[in-house]
Structures are given as C-alpha cells and as structure tokens.
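Coordinates in review
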Amino acid sequence: MKTIMPKQINANDRKWFVVDAKGQTLWKLASKLAIILKGKHKVNFAPHVDNGDYVIVLNADKFAVTGKKMTDKIYYRHSGFLGWLKEITLEKLLSKKPTRALELAIKGMLPKNKLRKSMLSRLKLFSGTEHSYNAQQPEEIKL
C-alpha cells in the first residue's frame, strides 16, 4: 500500500467560513478555529503542508469565559530587558484591544513552526456583526 503525500493547494481552492463568537466559550472556540486554520478537518491533512481555510470571526469580543477568568487570567509580555515584564488582565485587554484575546488563544493552539504565520494571516477578526469579505462568499458555520 502506498503512502499518499498531499501537495500544497492553491489559494483559490481554500474555502471561507464565517463564525459568530457571541456567547461561545473562549477556549473551545479557539480550539475549533485552530483546527480549521490548520486544515485538520480535511481528508488531505498533512502536518507539513498548510492546507487550511480562511476563517472570519464576528463578535470576536463577545465570547464567554468561565469562573473568574476575567479578573484572574493574566497575559504577560517581556521586552527582553531586565525587569520589564508587563502583565495585563483579560478584562483590561478586552477594553484596550477587543479582538486580541481570541487571537492569542488561537495563536497558542497553532503549531510553533514556519507555517504558523501563514495560518494566522487567514484569520480575520471583527468586533461587530459586519465584515468586508462578502465578495469571497463565505459559508456560515455553527461551532
């Protein structure tokens, strides 16, 4: 039996999906979107080939979190200099940059290799209910 090695698909063969994040749990939503961006939902999945699809997320700031994560979850960043570790809670992050929390959750679930940047470039986040990708005729999916 031969092993089939899938090839990189063209940009025209990728599908566009629209997801409404309103009321969905952050981590469950992020894991399902990461699967679509990686292409694991397709038959021709291979970890070394980037065959994922485009995802448009509406209401990206209206997700739900369980427990006291709004005040207790902390995001860290470091400048590289001694003592410059900065931290921000999820609540403050949502007030400053509404879509950043969902982007960071999805980014953490993607593979840590050269394909990550191209996978993240196919993620389109919007804080409202309107998007500017109507020409691509995206399919609406329920997660």
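Structure: see above.
A short tour of the structure in this document, coming up. (Residues numbered from 1 in each chain as written. Predicted model: local features only at pLDDT ≥ 70, side-chain atom pairs only at ≥ 80, totals over all residues. Heavy atoms only, no water.)

A short note on the overall build of the protein
The helix and strand inventory of the protein stands at five helices and six strands. Overall size of the protein, expressed as C-alpha extent along the three principal axes, is 55 × 40 × 25 Å. Residue pairs in contact within the protein that sit at least 24 positions apart in sequence constitute 69% of those at least 6 positions apart. Total accessible area on the protein stands at roughly 9400 Å², and carbon and sulfur atoms take up 54% of it. Positive and negative side-chain charges of the protein, numbering 28 and 12 respectively, have mean locations separated by a distance of 8 Å. (Helix = DSSP H or I, 4+ residues; strand = E, 2+ residues; numbered from the N terminus. Contact = heavy atoms within 4.5 Å. Areas by Shrake-Rupley, 256 points an atom, 1.4 Å probe, with all protein chains shown as cover. Lys, Arg positive; Asp, Glu negative; His and termini not counted. Charge placed at Lys NZ, Arg CZ, Asp CG, Glu CD.)

Some remarks on the environment of Pro111
With respect to the helices, strands and loops of the structure, Pro111 is situated in the loop between helix H4 (100–109) and helix H5 (116–121). For Pro111, a relative accessible area of 26% translates into the label partly exposed. When near neighbours in sequence (up to four residues on either side) are disregarded, Pro111 contacts Lys38, Arg116 and Met119. (Buried < 20%, exposed > 50% of the residue type's maximum accessible area, 1.4 Å probe, protein only.)

Brief notes about the environment of Phe17
Within the secondary structure layout, Phe17 lies in strand S1 (residues 16–20). For the pair Phe17 and Ala30, spaced 13 residues apart in the sequence, the C-alpha separation amounts to 14 Å. Discounting residues that sit within four places of it in the chain, Phe17 has contacts with Ile36, His41, Asp53, Tyr54, Val55, Ile56, Pro138, Glu139 and Ile141.

Focus: the side chain of Gln24
Inspection of the secondary structure puts Gln24 in the loop between S1 and helix H1 (26–38). Take Gln24: its relative accessible area is 18%, and that puts it in the buried class. With sequence-adjacent residues up to four places away left out, Gln24 is seen in contact with Leu29, Phe63, Ala64 and Leu143.

A word on the nonpolar core
Judged by nonpolar contacts, the single largest core of 29 residues is most densely connected at Val55, Val57, Leu102, Ile106 and Leu123. Looking at this core, the element that brings in the most residues is H1, giving seven residues. Leave out the neighbours within four places in its chain, and Leu102 touches Leu26, Leu29, Ala30, Val57, Ala60 and Leu125. (Core = buried A, V, L, I, M, F, W, Y, C linked by side-chain atoms within 4.5 Å.)

Structural notes on the sheet that holds strand S2 (residues 54–58)
Spatially, four strands are ordered S5-S2-S1-S6 in an open sheet, and the strand pairing comes out parallel. The open sheet has two free edges, formed respectively by strand S5 (123–125) and strand S6 (139–140), since each of these has just one partner strand. As paired strands, S2 and S5 are joined by three bridges and run parallel to one another. When the bridges of S5 are listed, Val57 appears paired with Leu125. (Pairing = 2+ DSSP bridges.)

Considerations on the pattern of salt bridges
Summed over all chains, the structure comprises four salt bridges. Of the charged contacts, one joins Asp53 and Lys42 as a salt bridge, the two residues approaching to 3.0 Å between their closest N and O atoms. With Asp53 in the loop between H1 and S2 and Lys42 in the loop between H1 and S2, this residue pair connects regions lying 11 residues apart in the sequence. With a relative accessible area of 1%, Asp53 lands in the buried category. Residue Arg122 pairs with Asp50 through a salt bridge whose shortest N-O separation is 2.9 Å. Of this pair, Arg122 sits in the loop between H5 and S5 while Asp50 sits in the loop between H1 and S2, and the two are 72 residues apart along the sequence. Residue Arg122 is classed as buried on the basis of its relative accessible area, which comes to 3%. (Salt bridge = Lys/Arg side-chain N within 4 Å of Asp/Glu carboxyl O.)

Shape is all these values report; function is a separate question.
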